[in-house]
Amino acid sequence: MTALFLARLETNGLKPAPEADRRTLARRLSLDLTGLPPIPEQVDAFLADKSPNAYEKLVDQLLASEPYGEHRARYWLDAARYADTHGIHVDNYREMWPYRDWVIRAFKSQSSV
């Protein structure tokens, strides 16, 4: 935490919460980066990894996953008012999915840079 943030907490008579356990960290990280809970194998691997960069490895693994690209692209597609159809009951066919897939690939490729 930054000194400024810690100073503000102390000014208000507060202390930072203790660090979460590793299982909770894995769950929070997965939900934040992919919008999905982690698969049990990911959690087990993270818990078993005693290296000092275990957290960073899990971050890299999640950033390289398909759900990461889909989760991040969702915000962009919402802002761009993306829709597969015209949005009314007599929808005409619109082939918009290539744009959706392109956005997902773009977000996924940026995570590996």
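The rules behind these values
- Residues numbered from 1 in each chain as written.
- Predicted model: local features only at pLDDT ≥ 70, side-chain atom pairs only at ≥ 80, totals over all residues.
- Heavy atoms only, no water.
- Helix = DSSP H or I, 4+ residues; strand = E, 2+ residues; numbered from the N terminus.
- Buried < 20%, exposed > 50% of the residue type's maximum accessible area, 1.4 Å probe, protein only.
- Contact = heavy atoms within 4.5 Å.
- Polar contact = N/O pair within 3.5 Å; in protein donor to acceptor, adjacent residues only side chain to side chain.
- Core = buried A, V, L, I, M, F, W, Y, C linked by side-chain atoms within 4.5 Å.
- Phe/Tyr/Trp six-rings, centres within 6.5 Å; stacked < 30°, edge-to-face > 60°.
- Lys NZ or Arg CZ within 6 Å of the ring centre and 35° of its normal.
- Expected span 1.5 Å × (residues − 1).
- Arc of directions from axis to C-beta.

A. Spatial organisation of the overall build of the protein chain. Scanning the protein chain from terminus to terminus reveals six helices and zero strands. In the protein chain, the succession of α and β elements from N to C terminus is α-α-α-α-α-α. Counting every position in the protein chain, which comprises 113 residues, the buried fraction comes to 24%. In the protein chain, once contacts between residues fewer than 6 apart in sequence are set aside, the share between residues at least 24 apart is 52%.

B. Structural detail: the environment of Thr 34. Secondary-structure assignment places Thr 34 in helix H2 (residues 22-34). The spacing of Thr 34 and Tyr 68 is 34 residues in sequence and 4.4 Å in space, taken between C-alpha atoms. If we ignore the near neighbours within four places in the chain, the residues touching Thr 34 are Leu 62, Ser 65, Pro 67, Tyr 68 and His 71. Within the local environment of Thr 34, its side chain forms a polar contact with the backbone oxygen of Ser 30, the two atoms lying 2.7 Å apart. A polar contact of 3.1 Å, which involves the side chain of Thr 34, links it to the backbone nitrogen of Leu 36.

C. Region of the structure containing the nonpolar core. Of all hydrophobic cores here, the largest spans 13 residues; its most connected members are Leu 29, Leu 33, Phe 46 and Leu 58. Within the residue set of this core, elements represented by two or more residues are H2, helix H3 (40-48) and helix H4 (54-63). For this core, the leading source of residues is H4, giving five residues. Setting aside chain neighbours within four positions, we find Phe 46 in contact with Arg 22, Leu 25, Ala 26, Ala 54, Tyr 55 and Leu 58.

D. The side chain of Gln 42, seen in detail. Within the secondary structure layout, Gln 42 lies in helix H3. Excluding anything up to four places from it in sequence, Gln 42 contacts Gln 61 and Leu 62.

E. Region of the structure containing the packing of aromatic side chains. Tallied over the entire structure, the rule returns two aromatic pairs. Across the ring face of Tyr 75, the terminal group of Arg 74 is positioned such that the distance to the ring centre comes to 4.6 Å.

F. Highlighting the environment of Trp 76. Within the secondary structure, Trp 76 sits in helix H5 (residues 66-79). Taking C-alpha positions, Trp 76 is 9.7 Å from Phe 107, a pair spaced 31 residues apart along the chain.

G. Representation of H2 within the structure. Here H2 spans 18 Å end to end across 13 residues, near enough to the 18 Å set by a 1.5 Å rise per residue. Turning to H2, its buried residues number three or more, namely Leu 25, Ala 26, Leu 29, Ser 30, Leu 33 and Thr 34. Projected down its long axis, H2 carries its buried residues within an arc of 125 degrees, all on one side. Between a side-chain oxygen at the N-terminus of H2 and the backbone nitrogen of Arg 23 the separation is 3.2 Å; the capping residue is Asp 21. A positive backbone phi angle near 80 degrees is found at Gly 35, which sits one or two residues after H2.

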